[in-house]
Amino acid sequence: MRLSFWTVRARRWVMVGLALLWFCSLGANAATMANGKPFAGFSILILGWTEVPLGQPAWLANLFLLPALLLIPQRQSNPRLLNILGIALMACAIAALLWRTIPDTTGRVAIMSYDEGYYLWMAAVIGTSLAAVATASTEQVQE
């Protein structure tokens, strides 16, 4: 299937928008803990890697996001790599839906509510995942 609207120019603008969503998510609060303290998106970017060995791989999306954002707007990209990145990003987004606690100096603290940073981050990750898979399918058709 050929996506006629998914031109290189359109992909560039979409990637700029998704990158802006991701940057905005870093500056916003991502969650409110049970003790009432907000947890900022930038704090999660800095400390989130510690949750990966404990079974919460959602933070890895931050690592997959940059290569995907760089590959999608190119005229000639690797469809297999884009599919892998798209699937990995979607898996991380699904894992983020299961995020329920935040480690603190007192132990694990429950999340009471998700804030705007969480939703901006999810939109950026899911959007990049869909864009990567759409670009891969477009590139495969042209071959």
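Read on for a plain summary of the structure. Predicted model, so just to flag it, every value in this text is computed and none were measured. (Residues numbered from 1 in each chain as written. Predicted model: local features only at pLDDT ≥ 70, side-chain atom pairs only at ≥ 80, totals over all residues. Heavy atoms only, no water.)

Considering the nonpolar core
Note the cut-off: By nonpolar core is meant a set of buried Ala, Val, Leu, Ile, Met, Phe, Trp, Tyr and Cys residues that side-chain atoms within 4.5 Å join together. Note on classification: 1.4 Å probe, protein chains only; a residue is buried when its accessible area is under 20% of the maximum for its type, exposed when over 50%, partly exposed between these limits. Only heavy atoms matter for contacts: two residues are in contact if any of them lie within 4.5 Å across the pair.
If you look at the biggest cluster of nonpolar residues, it comprises 36 residues, and the most contacted ones within it are Ile72, Ile102 and Trp121. Contacts of Ile102, omitting those with residues within four sequence positions, involve Ala31, Met33, Phe39, Gly107, Arg108, Val109 and Ile111.

Re the environment of Gln76
Selection rule: Numbering of helices and strands runs from the N terminus; a helix is a DSSP stretch of H or I covering at least four residues, while a strand is a stretch of E covering at least two.
Locating Gln76 in the fold gives a position in the loop between α3 (61–71) and α4 (79–97). A sequence separation of 53 residues divides Gln76 from Ser129, and the C-alpha atoms of the two residues are 18 Å apart.

Regarding α4
Inclusion rule: Helices are assigned an expected span. That span is 1.5 Å times one less than the residue count. Within 3.5 Å is the distance limit for a polar contact, defined as a pair of N or O atoms, with the added protein rule that one can donate a hydrogen and the other accept it, and that residues adjacent in sequence qualify only through two side-chain atoms.
Taking 1.5 Å of rise per residue, 19 residues should cover 27 Å, and α4 covers 27 Å from first to last C-alpha, within 8% of that figure. Listed as buried for α4 are Pro79, Leu82, Leu85, Gly86, Ala88, Leu89, Cys92, Ala93, Ala95 and Ala96. Between the side-chain oxygen at the start of α4 and the backbone nitrogen of Arg80 there is a gap of 3.1 Å, and the oxygen is on Asn78.

A word on the packing of aromatic side chains
Note the threshold: We call Phe, Tyr and Trp rings a pair once their centres come within 6.5 Å, taking the six-membered ring for Trp, and we label the pair stacked below 30 degrees between planes, edge-to-face above 60, and tilted otherwise.
Taken as a whole, this structure holds five aromatic pairs when the rule is applied. An angle of 40° between the planes, with centres 5.9 Å apart, marks the rings of Trp99 and Tyr114 as tilted. Of this pair, Trp99 sits in the loop between α4 and β3 (101–104) while Tyr114 sits in strand β4 (residues 107–114), and the two are 15 residues apart along the sequence. Owing to a relative accessible area of 12%, Trp99 belongs among the buried residues under this scheme. Residue Tyr114 is classed as partly exposed on the basis of its relative accessible area of 23%. Their ring planes at 25° and their centres at 4.3 Å tell us that Tyr114 and Tyr118 sit as a pair that is stacked. Here the aromatic residues Trp99, Tyr114, Tyr118 and Tyr119 are joined through ring pairs into a cluster of three or more.

Focus: the layout of surface pockets
For clarity, the threshold we go by: Points on a 1 Å grid, built from protein atoms alone, make a cavity when a 1.4 Å probe fits but cannot get out and make a pocket when they are open with protein on both sides within 12 Å along at least 5 of 7 lines; residues with an atom within 4 Å of a point are the lining residues. Grid points are joined across faces, edges and corners, and a volume is the space filled by probe spheres set on the points. Each residue receives one of three labels: charged for Asp, Glu, Lys and Arg, nonpolar for Ala, Val, Leu, Ile, Met, Phe, Trp, Tyr, Cys and Pro, and polar for the others, Gly being one of them.
For the largest pocket, the calculated volume is near 370 Å³. Taken together, 23 residues form the lining of the largest pocket, with Ile44, Leu45, Gly48, Trp59 and Trp99 sitting closest to its centre. Classifying every residue of the lining of the largest pocket gives 14 nonpolar, eight polar and one charged.

Section: the sheet that holds β3
One key point about sheets: their strands pair by backbone hydrogen bonds, in either a parallel or an antiparallel sense. Convention followed: The rule for pairing is simple: two strands pair if DSSP sees at least two bridges between them. For helices, the fitted line uses only the C-alpha atoms of the stretch in contact; every axis is such a line through C-alpha atoms, and the angle between N-to-C directions lies from 0 to 180 degrees.
Here four strands make up an open sheet; going across it, the order is β2-β1-β4-β3 and the pairing antiparallel. The sheet terminates laterally at β2 (38–40) and β3, the two strands that pair on one side only. Each strand of the sheet is rotated relative to its neighbour by a mean of 45°, with strand direction disregarded. For β3 and β4, the ladder comprises four bridges, and the chain directions are antiparallel. Considered in β4, the bridge of Ile102 is made with Val109.

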